[in-house]
Amino acid sequence: MRLMQEEAFGQIMPIMKFSSDEEAIRLANDSKYGLGCAVFSGSQRRARFIASQLHCGVAAINDFASNYMCQSLPFGGVKDSGFGRFAGVEGLRACCLVKSVVEDRWWPLIKTKIGLHFNVIELSTSGRH
């Protein structure tokens, strides 16, 4: 069904028949999009398992919109529905530039072959920018 392959924004609730949970998961994941999903079931355990198998950024169990109302939760999709998150701690981290900086605090006192090698490279590349 074409509607199941599109990323529709609006009040649409497509419903398809399936014969097993595995088939439902396969049908739901058979899309290049993965923003959000809602899983409805009489069994919380079953719904949690199905939601854990779906390739999407936001999942709701026996609900369809409460995760959008809680601004402290991260929001974002996977696949062609986007990369990264906004809101929540994850959204804040997405705005940060992470850099690792290491320093040899014993450098002037203990020089190893590795340290000598780097000194040679530094001298041979000095003056080049």
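Scroll up to find the structure.
Residues numbered from 1 in each chain as written. Predicted model: local features only at pLDDT ≥ 70, side-chain atom pairs only at ≥ 80, totals over all residues. Heavy atoms only, no water.

A.B. asks: Can you walk me through the overall build of the protein in this structure?
C.D. replies: Within the protein, the regular secondary structure consists of five helices and four strands. Looking at the protein as a whole, 19% of its 129 residues are labelled buried. In the protein, once contacts between residues fewer than 6 apart in sequence are set aside, the share between residues at least 24 apart is 36%. Carbon and sulfur atoms form 60% of the exposed surface of the protein, whose accessible area is close to 10,800 Å². (Helix = DSSP H or I, 4+ residues; strand = E, 2+ residues; numbered from the N terminus. Buried < 20%, exposed > 50% of the residue type's maximum accessible area, 1.4 Å probe, protein only. Contact = heavy atoms within 4.5 Å. Areas by Shrake-Rupley, 256 points an atom, 1.4 Å probe, with all protein chains shown as cover.)

A.B. asks: I keep staring at the pattern of salt bridges and nothing clicks. Help me out?
C.D. replies: When their charged atoms lie close together, side chains carrying opposite charge are able to pair. Tallied over the full model, the rule gives two salt bridges. We note a salt bridge from Arg26 to Glu23, for which the minimum N-O separation is 3.9 Å. Taken as a pair, Arg26 and Glu23 lie in helix 1 (residues 21-29) at a separation of three residues, close to a single helical turn. Residue Glu23 is classed as partly exposed on the basis of its relative accessible area of 23%. (Salt bridge = Lys/Arg side-chain N within 4 Å of Asp/Glu carboxyl O.)

A.B. asks: Looking at this model, I keep getting lost on unusual backbone geometry. Mind explaining?
C.D. replies: Apart from glycine, the bulk of residues carry a negative phi angle, and the bulk of peptide bonds sit in the trans form. Although it is not a glycine, Asn62 sits at a positive phi angle of roughly 55 degrees. Within the element layout of this structure, Asn62 appears in the loop between strand 3 (58-61) and helix 3 (66-69). Taking relative accessible area as the criterion, Asn62 reaches 31% and is therefore assigned partly exposed.

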